[in-house]
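# Examining the three-dimensional arrangement
So the chains spell out like this:
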Amino acid sequence: QVQLVESGGGLVQAGGSLRLSCAASGRTFSSYAMGWFRQAPGKEREFVAAINWSGSSTDYLDSVKGRFTISRDNAKATMYLQVNNLKPEDTAVYYCAAQPRSLYGTRWVRDFNYWGQGTQVTVSS
């Protein structure tokens, strides 16, 4: 098992930036591909970005490409999401999640085994 804890959310104005972190504990962090999802009120949880076990490959939702950057530090067992040029439509609870290495590239919620508790990102216009 792996335990995930997100941090770094907050209230920012449109155009602002945040750096979200996801700290992992338990099984070896590099055993997993990792992802970020978000869920806005009244909407389904949606894929935002993913990174393979080594950090050599990344995948993004089209609407965040060029604004969000996912990264990981396996030595620190931590994943990051740098979010720039935030828009009001980015407002949501952001969750980090872990999936088996072999499933990297899938974006389905069901393919991620472990989840954090979420961190709120609110963007004001």
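Residues numbered from 1 in each chain as written. Predicted model: local features only at pLDDT ≥ 70, side-chain atom pairs only at ≥ 80, totals over all residues. Heavy atoms only, no water.

### Here we look at unusual backbone geometry
With phi around 55°, alanine 77 is a residue other than glycine that occupies positive phi space. Within the secondary structure, alanine 77 is located in the loop between strand S7 (68-73) and strand S8 (78-83). Of note in the backbone geometry, asparagine 85 takes a positive phi value of approximately 50° without being a glycine. Structurally, the position occupied by asparagine 85 is in the loop between S8 and strand S9 (92-100). Judged by its relative accessible area of 42%, asparagine 85 is partly exposed. (Helix = DSSP H or I, 4+ residues; strand = E, 2+ residues; numbered from the N terminus. Buried < 20%, exposed > 50% of the residue type's maximum accessible area, 1.4 Å probe, protein only.)

### Concerning the packing of aromatic side chains
Applying the stated criterion to the full structure yields five aromatic pairs. Between tyrosine 32 and tyrosine 114 the ring centres are 5.9 Å apart and the planes differ by 90°, which places this aromatic pair in the edge-to-face class. With tyrosine 32 in strand S4 (residues 32-39) and tyrosine 114 in strand S10 (residues 114-115), the pair connects residues that are 82 residues apart, well separated along the chain. On the accessibility criterion, tyrosine 32 (6% relative accessible area) is buried. Taking relative accessible area as the criterion, tyrosine 114 reaches 22% and is therefore assigned partly exposed. Here the aromatic cluster, defined as three or more aromatic residues joined through ring pairs, consists of Phe37, Phe47, Phe112 and Trp115. In this arrangement the basic side chain of arginine 19 is found over the ring face of tyrosine 80, its NZ or CZ atom lying 3.9 Å from the centre. The side chain of arginine 45 reaches across the aromatic face of tryptophan 115, ending 4.9 Å from its centre. (Phe/Tyr/Trp six-rings, centres within 6.5 Å; stacked < 30°, edge-to-face > 60°. Lys NZ or Arg CZ within 6 Å of the ring centre and 35° of its normal.)

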